[in-house]
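Chain residues, written in single-letter form:
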Amino acid sequence: MTSLAVGSLVWVEDPDIAWIDGEVVQVNGEDIKVLCTSGKTVVVKASNLYPKDAEAPPCGVDDMTKLAYLHEPGVLQNLRSRYDMNEIYTYTGNILIAVNPFRKLPHLYDSHMMAQYKGAAFGELSPHPFAVADAAYRLMINEGISQSILVSGESGAGKTESTKLLMQYLAYMGGRAAAEGRTVEQQVLESNPVLEAFGNAKTVRNNNSR
Ligand SMILES: Nc1ncnc2c1ncn2[C@@H]1O[C@H](COP(=O)(O)OP(=O)(O)OP(=O)(O)O)[C@@H](O)[C@H]1O
């Protein structure tokens, strides 16, 4: 980190909460004394400090490319600010980051939401898996090229749930014709529990691991 002066706002690694913010109170060569917001004072090497953006909005930003500093504490702070307001999705450019809410948020995924994302320009509405699915669907239709959506994360992160949402949206867009009173969308989504019953198992990180 460059230009460390007394009064600079910084992030310091913390053994309990990963990162804590504080203010530089003394500079002694490479050794920097920081008064953390917890009230604790620590002495840290300058190379282990990260600048904190004093002007970052308290409610976070919906696309992390808007952050002044795209380092680990900055990214985690932004995701946390948004999560605290029940905003579980955040973009980094055209990548969607999902933070597992571990509770049901049905208002985020109803048919009204799907209708809103239909044809909306990417980035115009709040970050959402429906926006990613819509962009892929439109590229497939308009360019006639196969599309892939990569869903990655550790066990229990929410890959299966996110994939189901992507499937839900693609089935909504592509399968309107009703057969035997049920739409293709319903039929595709109803096959999920059967596949999960045979293909999933409980692990220490996830009750419904694939
Ligand atoms: N968007 C969400 N809304 C509500 N609950 C969620 C959401 N995403 C994940 N969860 C919860 O977290 C649990 C684990 O998520 P999920 O099965 O999708 O993880 P995974 O990344 O596929 O894990 P694994 O790699 O072990 O299969 C879900 O059973 C669900 O309870």
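Residues numbered from 1 in each chain as written. Predicted model: local features only at pLDDT ≥ 70, side-chain atom pairs only at ≥ 80, totals over all residues. Heavy atoms only, no water.

**Digging into the UniProt feature "binding site: ATP" (unreviewed entry) in the protein chain**
Within this numbering scheme, the UniProt entry marks G153, E154, S155, G156, A157, G158, K159 and T160 as carrying the feature "binding site: ATP" (unreviewed entry). Among the structural elements, G158 can be located in the loop between α3 (129–143) and α4 (159–174). Mapping T160 onto the fold places it in helix α4. (UniProt positions renumbered as here; feature names shortened; annotations may be inferred. Helix = DSSP H or I, 4+ residues; strand = E, 2+ residues; numbered from the N terminus.)

**Regarding α4**
End to end, α4 covers 22 Å across 16 residues, agreeing with the expected 22 Å (1.5 Å per residue, within 8%). Turning to α4, its buried residues number three or more, namely T160, S162, L165, L166, Q168, Y169, A171, Y172 and M173. (Expected span 1.5 Å × (residues − 1). Buried < 20%, exposed > 50% of the residue type's maximum accessible area, 1.4 Å probe, protein only.)

**Some details on the UniProt feature "domain: Myosin N-terminal SH3-like" (unreviewed entry) in the protein chain**
On the UniProt side, "domain: Myosin N-terminal SH3-like" (unreviewed entry) is annotated at positions that read residues 5–54 here. The span residues 5–54 is 0% helical and 60% strand by assignment, and the distance between its end C-alpha atoms comes to 15 Å.

**Regarding the environment of D110**
Within the secondary structure, D110 is located in the loop between β7 (95–98) and α2 (111–117). Through-space distance from the C-alpha of D110 to that of N142 is 26 Å; in sequence the pair is 32 residues apart.

**A closer look at helix α1 (residues 72–83)**
Taking 1.5 Å of rise per residue, the 12 residues of α1 would be expected to cover 16 Å, and the 16 Å separating its terminal C-alpha atoms lies within 8% of that figure. Inspection of α1 places P73, G74, N78, L79, S81 and R82 among the buried residues, and these make up the whole buried set. For α1, the secondary structure elements touched by its buried residues are β1 (9–14), β2 (18–28), β5 (50–51), β6 (89–92) and β7. (Contact = heavy atoms within 4.5 Å.)

**Details of the site of the ligand**
In the region of the ligand, 18 residues are neighbours, and N100, S155, K159, T160 and S209 sit closest. For the ligand, an oxygen atom lies 2.4 Å from a polar atom in the side chain of S209. When the ligand sits alone it has 630 Å² of accessible area, and the protein chains cover 85% of it. No other element matches α4, which puts 3 residues into the shell around the ligand. (Near = heavy atom within 4 Å. Polar contact = N/O pair within 3.5 Å; in protein donor to acceptor, adjacent residues only side chain to side chain. Areas by Shrake-Rupley, 256 points an atom, 1.4 Å probe, with all protein chains shown as cover.)

**A few points about the sheet that holds β1**
Pairing is antiparallel across the open sheet formed by 5 strands, whose spatial order is β4-β3-β2-β1-β5. Edge strands, defined here as strands with exactly one partner in the open sheet, are β4 (41–45) and β5. Sheet analysis places β1 next to β2, joined by 6 bridges and oriented antiparallel. Along β2, the bridge assignment pairs V10 with G22. (Pairing = 2+ DSSP bridges.)

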